[in-house]
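Coordinate analysis (summary)
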Amino acid sequence: MFYTYIVRCKDGSLYTGFTVDPVRRIQTHNDGKGAKYTRSRLPVCLVHLEQFETEREARSRECAIKRMTRADKLRLISREQT
């Protein structure tokens, strides 16, 4: 399986990524070995996860989320927390 995820950084910013192993990827971010963006904003917390059968679907969704406004991302996240 393939996953698209959003993490909330310590400073409140949101980072979107793609992975095949969400648990390991979040740990990698929090170990300071993930994306350059998150390294100075640790720790990160997983706030959204979507699962896909193909890498193409997951990467396409990652791109779509990255094009969203912050407000749209927050709405997406809040739907899961209600």
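Refer to the preceding data block for the structure.
A brief structural summary. (Residues numbered from 1 in each chain as written. Predicted model: local features only at pLDDT ≥ 70, side-chain atom pairs only at ≥ 80, totals over all residues. Heavy atoms only, no water.)

Section: the sheet that holds strand β3 (residues 44-52)
Rule in force here: Two strands are said to pair when DSSP picks up at least two bridges between them. Secondary structure counts use DSSP, requiring at least four H or I residues in a row for a helix and at least two E residues in a row for a strand, with both numbered from the N terminus. Axis definition: a line fitted to C-alpha atoms, limited for helices to the stretch in contact. Angles are taken between N-to-C directions and run from 0 to 180 degrees.
Spatial strand order, β2-β1-β3: three strands in an open sheet with antiparallel pairing. Each end of this open sheet is capped by a strand with a single partner; those strands are β2 (14-19) and β3. With direction set aside, neighbouring strand axes in the sheet form an average angle of 20°. Where strand β1 (residues 2-9) lies against β2, six bridges are found, and the strand directions are antiparallel. Along β2, the bridge assignment pairs Y5 with G17.

Comments concerning the environment of Y37
Applied cut-off: Three labels apply to residues, based on accessible area from a 1.4 Å probe with only protein chains included: buried if under 20% of the type maximum, exposed if over 50%, partly exposed otherwise in between. Whether two residues are in contact is decided by their heavy atoms: any pair within 4.5 Å suffices.
One can find Y37 in helix α2 (residues 36-39). Since its relative accessible area comes to 34%, Y37 is described here as partly exposed. Distance from Y37 to Y15, taken between C-alpha atoms, is 7.9 Å for residues 22 residues apart in sequence. Leave out the neighbours within four places in its chain, and Y37 touches C9, S13, L14 and Y15.

A few points about the nonpolar core
Inclusion rule: We call a set of buried residues a nonpolar core when its members are Ala, Val, Leu, Ile, Met, Phe, Trp, Tyr or Cys and they connect through side-chain atoms within 4.5 Å of each other.
Residues Y5, V7, C9, Y15, I26, A35 and V44 constitute the largest nonpolar core, which totals seven residues. Sorting elements by how many residues they give to this core places β1 first, with three residues. Setting aside residues no more than four positions away along its own chain, C9 makes contact with Y15, Y37, T38, R41, P43 and V44. One finds I6, L14, I65 and L76 within the second-largest nonpolar core, a separate group that totals six residues.

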